[in-house]
Amino acid sequence: MALQGPEELGEQVEEPEDLDDQDASSISPAEEITLPPGPGGEDEPEEALLLPWDRFSTWLHCICVVGFDLELGQAVEVIYPHHSKLSEKEKTSICYLSFPDSNSGCLGDTQFCFRFRQGSNRKPSLGCFLETTDRDAPPCLKREQGHYYGYVYFRQVRDKSLKRGYFQKSLVLISKLPYVTFFHSLLKIMAPEYFEKQEPCLEAACNDIDRWPTPHPGRILTLPIMGVVIKIRIPTCYDKPGTSQLVQSAQSDSQVSIVLPTIHEVDLFRCFYPVFFHIQMLWELVLLGEALVVMAPSPAESSDTVLALVSCISPLRYCSDFRPYFTIHDSEFKEYTTRTQAPPSVILGVTNPFFAKTLQHWPHIIRIGDMKQAGEMAKQMKVKKLKNLKTLDSKPGVYTAYKPYLNKDEDIIKQLQKGVQQKRPSAAQNAIIRRYFLELTQSFMIPLERYVASLMPLQKSISPWKSPPQLRPFIQQDFMKTLEKAGPQLTSRLKGDWIGLYRHFLKSSNFDGWFRNRRREMTQKLEALHLEALCEEDLQQRVQKHSEVETVDLVLKLKDKLTQAEREQLPVRPGTVAKLRAHIEAVILALPEDLQGILHKPSTP
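For clarity, every value in this text was computed on a predicted model and none was experimentally measured. (Residues numbered from 1 in each chain as written. Predicted model: local features only at pLDDT ≥ 70, side-chain atom pairs only at ≥ 80, totals over all residues. Heavy atoms only, no water.)

Undergrad: Please explain the pattern of salt bridges as it appears in this structure.
TA: Pairs can form between side chains of opposite charge once their charged atoms are near each other. Taken as a whole and assessed by the stated rule, the structure comprises 23 salt bridges. Between D330 and R323 there is a salt bridge; the shortest N-O distance is 3.6 Å. When sorted by exposure, D330 lands in the same class as R323, which is buried. For the salt bridge of E332 with R323, the shortest nitrogen-to-oxygen distance reads 2.9 Å. Comparing E332 with R323, the two get one shared label, buried. Put simply, R115, R117, E144, D321, R323, D330, E332 and E335 are held in one network by salt bridges that share partners. (Salt bridge = Lys/Arg side-chain N within 4 Å of Asp/Glu carboxyl O. Buried < 20%, exposed > 50% of the residue type's maximum accessible area, 1.4 Å probe, protein only.)

Undergrad: Please clarify how the pairing of strand β2 (residues 73-80) should be interpreted in this entry.
TA: Both faces of the sheet carry side chains from a regular strand, because those side chains alternate between them. In this structure, strand β1 (residues 62-69) lies alongside β2, joined through seven bridges in antiparallel fashion. If you follow V65 over to β2, its bridge partner there is V78. What sits between β1 and β2 in their antiparallel hairpin is a turn of three residues. (Pairing = 2+ DSSP bridges. Helix = DSSP H or I, 4+ residues; strand = E, 2+ residues; numbered from the N terminus.)

Undergrad: What is the right way to read the sheet that holds strand β6 (residues 220-225) from this model?
TA: Either a parallel or an antiparallel arrangement is found when strands of a sheet pair, and the pairing is made through backbone hydrogen bonds. Read from one edge of the open sheet, three strands run β6-β7-β8, paired in mixed fashion. In this open sheet, the two strands that pair with only one neighbour each are β6 and β8 (258-259). Pairing analysis gives two bridges linking strand β7 (residues 228-233) to β8, with the strands arranged parallel. Considered in β8, the bridge of I230 is made with I258. Lying on the sheet, helix α4 (residues 180-197) is in contact with β6, β7 and β8; it crosses β7 at an angle near 180°. (Contact = heavy atoms within 4.5 Å. Axes fitted to C-alpha atoms, helices over the stretch in contact; angles between N-to-C directions.)

Undergrad: What's the story with the nonpolar core in this structure? I'm lost.
TA: The nonpolar side chains of soluble globular proteins are, as a tendency, buried together. Formed by 108 residues in total, the largest nonpolar core has its most connected members in W59, F182 and L448. Those residues in contact with F182 that lie beyond four places of it in its chain are W59, W212, L223, I230, I232, L260 and I263. L534, L562, I584 and L595 belong to the second-largest nonpolar core, a separate cluster that totals 21 residues. (Core = buried A, V, L, I, M, F, W, Y, C linked by side-chain atoms within 4.5 Å.)

Undergrad: When you look at the packing of helix α7 (residues 279-287) against helix α12 (residues 426-453) in this model, what are you seeing that I'm missing?
TA: Two quantities define a packed helix pair, namely the angle between the axes and the distance from one axis to the other. One can describe the packing of α7 onto α12 by two numbers: an axis separation of 12 Å at closest approach and a directional angle of 45°. Classified by the angle their axes make, α7 and α12 are oblique. α7 and α12 meet at a crossing whose hand is right-handed. In this structure, α7 contributes I279, Q280, W283 and L287 to the contact, and α12 contributes I433, Y436, F437, L440, T441 and F444. Taken together, the residues of the contact of α7 with α12 break down into eight nonpolar, two polar and no charged. (Parallel < 35°, antiparallel > 145°, perpendicular 65-115°, else oblique. Left-handed = near helix turned anticlockwise from the far one by under 90°. Nonpolar A, V, L, I, M, F, W, Y, C, P; charged D, E, K, R; others polar.)

Undergrad: For this particular structure, what's the right way to read the sheet that holds strand β3 (residues 108-117)?
TA: Here five strands make up an open sheet; going across it, the order is β2-β1-β5-β4-β3 and the pairing antiparallel. Single-partner strands in this sheet number two, and they are β2 and β3. When the angles between neighbouring strand axes are averaged without regard to direction, this sheet yields 25°.

Undergrad: Explain the packing of aromatic side chains here, please?
TA: Each aromatic ring pair is summarised here by two numbers: the centre-to-centre distance and the angle between the ring planes. Overall, the coordinates contain 43 aromatic pairs when judged by the stated rule. Where F167 meets F195, the ring centres are 5.9 Å apart and the plane angle is 90°; that geometry is what we call edge-to-face. Of the two residues, F167 is situated in strand β5 (residues 166-175) and F195 in helix α4; the sequence distance between them amounts to 28 residues. Classification of F167 by relative accessible area gives partly exposed; the value is 21%. In this structure F195 comes out as buried when scored by relative accessible area, which is 11%. Measuring from ring centre to ring centre gives 5.4 Å for F479 and Y502, while their planes differ by 75°; the resulting arrangement is edge-to-face. Pair noted here: F479 is in helix α13 (residues 476-486) and Y502 is in helix α14 (residues 498-505), with a separation of 23 residues, a long-range link. Y502 shares its class with F479; the two are buried. Taken together, the ring pairs connect W283, F444, Y451, F474, F479, Y502, F505, F511, W514 and F515 into an aromatic cluster. Over the ring of F322 we find R115, and its NZ or CZ is 4.1 Å from the ring centre. (Phe/Tyr/Trp six-rings, centres within 6.5 Å; stacked < 30°, edge-to-face > 60°. Lys NZ or Arg CZ within 6 Å of the ring centre and 35° of its normal.)

Undergrad: Any chance you could explain unusual backbone geometry here in plain terms?
TA: Backbone geometry follows two general trends: most residues other than glycine have a negative phi, and most peptide bonds adopt the trans configuration. Backbone torsion omega between Y80 and P81 reads -15°, so that peptide bond is classified as cis. Among the secondary structure elements, P81 is positioned in the loop between β2 and α2 (88-97). For the bond from S314 to P315, the omega torsion is 10°, close enough to zero to count as cis. Positionally, P315 belongs in the loop between α8 (299-311) and β10 (321-323). In this model, M226 sits at a positive phi of 55°, which is unusual for a non-glycine residue.

Undergrad: Help me understand the side chain of S320, please; the structure alone is not making it clear to me.
TA: Of note, S320 is situated in the loop between α8 and β10. At 2.6 Å, the side chain of S320 forms a polar contact with the side chain of S345. A polar contact is formed between the side chain of S320 and the side chain of S509, at a distance of 2.5 Å. Not counting residues up to four positions away in its chain, the partners in contact with S320 are S345, S509 and N510. (Polar contact = N/O pair within 3.5 Å; in protein donor to acceptor, adjacent residues only side chain to side chain.)

So, in structure tokens, the structure goes:
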């Protein structure tokens, strides 16, 4: 949906009631608080019709156990549920991405995540149902279409009874959902139990998940897993950005063990601490979809930093590819490291020293040291030259020749530095940096939102007996003219070449993805307004003036409109669909019986 700003677009659907007023104390495990009926005016009936494993499939594709075999190397040992399908290529990707590179030296337990391409020719199961659950999700939390996420809990401990001398195994959750904080919290419960009790507890965990309510945005969910109960709220696109809507756990809510204030946000300050003098420049690089590589000492730091970069332009969705952890075995390795063409619009997170040589031609490289080390602040102020990046042992910093469009905001740097000196809590530093990125993104996007809203035809131009009017085209020169009086200077104190930044952004995949989404929303709004206009007409009086053939044609067209409204979840007023259905029925009953029989045949859903 659109970003929130001083002038929100009038065509958006109404906000659900604030969940803060609801009483959370009476929630029992696997119970859910539901939103008011959706924009179509009907509650989702599908959930009651879900089959065994359907609920599991709305959260996870499968759970994998990846072990190390001395002869075979990394191998998928177990897949749960057993009927889950993975292609050989997908299994290979999961194998290589579920273990840290040998140079990382990750002893003990390590958690990280990766992202890989879904195999082709696979039809999504529960397609229509998932579209419904996805409808109210913020852009950055919508389910992935062509990729899977892998959430990893890797354990490596010394074991003299094994030939290799080490026990090495990963428990991996494969999902389409980008709920990184939630799934990492889930693994902290599941993985230690699995390593102790093996497969029976995995089966029990899968059965628990298959009893969970589906992940509908806006609902407060209590999710029992292996004797523990997690409480979460999935954000909606109607939430005010930068706020958490989760109802705090009441004392009587005794069954809840863990309350997660966020399901997806990483600690931005911890991730950007090694390079926080450059956060504004990094925001520009991500906004513009520039090719970026993060070189880090471990998969945990690599994946966290890539996810932090992707989220720094929130609530705008990052529309290019990104790989939180990328290895030389990845199926896209050749595609992404070739020197025969410019580096693609992608953010890669790597740990293997080999990449320092392979990717040294990339224009922007972020080198992250060990995040546990402090005191490196004063040494990282200057942007480093790319030619100085010879090995992965190079000092932490940003290596690029990029010249930012906007002047540096010294205030945010001073504020964060002061927090470090005064030992301000990490959560407070994280909130400061998240608010900074949010305000920067909103200042940039509000002029675009305002201009795109002006492309919407006036409501009075909508006639029930004509096709809905078309949106006016986006004309770059016209948009640029609006910036003089209604540009980012209205909401941001930053100076610089905003015009140049917009010109560059309009060529990026982030603009393309955002505008496609806005255009689809606005087109659906026009269709919805057209449907509502039809409902206000006296159809029976109109058909009296027409022949039977014309009346039948009208009924068929109205049925098509109804099918479209239900298929696309058009944002019509509650009761509109039912009202139109009643109008159609009244028109059909006025026709001869033989025609009634034909028109009463159910249409394809």
